[in-house]
Amino acid sequence: MINRLTKENLNNVSQLALMLWPHNQFDDLKLEFNEILNDDHQCSFLFSASQIDVGFVHVSLRVDYVEGTNSSPVGFLEGIYVLPEYRNRGIARALITACEQFAKENGCTEFASDCELTNTDSILMHEKLGFEETNRIVCFKKKIE
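Below, the structure is looked at part by part.

Structurally, threonine 69 can be placed in the loop between strand E3 (52–62) and strand E4 (74–82). In this structure the side chain of threonine 69 is engaged in a polar contact, spanning 2.7 Å, whose partner is the backbone oxygen of valine 66. Among residues more than four places away in sequence, those in contact with threonine 69 are Val74, Glu110 and Ala112.

Set out below in structure tokens:
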């Protein structure tokens, strides 16, 4: 069962997000997801199986340029996580479908995502879910004085 982010499931979504982004703090993630509740340009969904929360997804509407797209706004997959023991059961696909519907309802004709070049699990998941690779980049920075 897929449910939209609510105050009631905010802790559960934040806990799953912490598994995806372990270098963050739970309270910081909870604050970020709480802000999503009042933001028409973002949404999060929670997937429950047998009354256990096993996955979440975060989608946004990006109006700035999104690599490889030709329109604006673009639905953008900000993050997705499914507990390892529940993977390969169609849960990620169901969560992505919910995101695509959110994006369509908000005028999007394209849906995009990104991941690190070294994240082969994410790359394979994206390919299985119908995404096509558009570009590979390496980003640089330099401090100036």
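On we go from here.
The grouping of Asp27, Asp28, Glu32 and Glu35 at the surface amounts to a negative patch. In this fold, glutamate 35 is placed in helix H2 (residues 26–36).

The next point concerns the pairing of strand E2 (residues 42–49). Counting buried positions over the eight residues of E2 gives seven, a clear majority of the element. Sheet analysis places strand E1 (residues 2–4) next to E2, joined by three bridges and oriented antiparallel. Bridged to asparagine 3 within E2 is leucine 46. Relative to E3, E2 is paired through eight bridges, and the arrangement is antiparallel. The residue bridging leucine 46 from the neighbouring strand is phenylalanine 56, located in E3. Linking E2 to E3, which pair antiparallel, is a turn of two residues; within it serine 50 sits at a positive phi near 50°.

About the cut-offs
- Residues numbered from 1 in each chain as written.
- Predicted model: local features only at pLDDT ≥ 70, side-chain atom pairs only at ≥ 80, totals over all residues.
- Heavy atoms only, no water.
- Helix = DSSP H or I, 4+ residues; strand = E, 2+ residues; numbered from the N terminus.
- Polar contact = N/O pair within 3.5 Å; in protein donor to acceptor, adjacent residues only side chain to side chain.
- Contact = heavy atoms within 4.5 Å.
- Patch = residues over 30% accessible without salt bridge, like charges linked within 9 Å, V, L, I, M, F, W, Y side chains within 5 Å.
- Areas by Shrake-Rupley, 256 points an atom, 1.4 Å probe, with all protein chains shown as cover.
- Salt bridge = Lys/Arg side-chain N within 4 Å of Asp/Glu carboxyl O.
- Lys, Arg positive; Asp, Glu negative; His and termini not counted.
- Charge placed at Lys NZ, Arg CZ, Asp CG, Glu CD.
- Buried < 20%, exposed > 50% of the residue type's maximum accessible area, 1.4 Å probe, protein only.
- Pairing = 2+ DSSP bridges.

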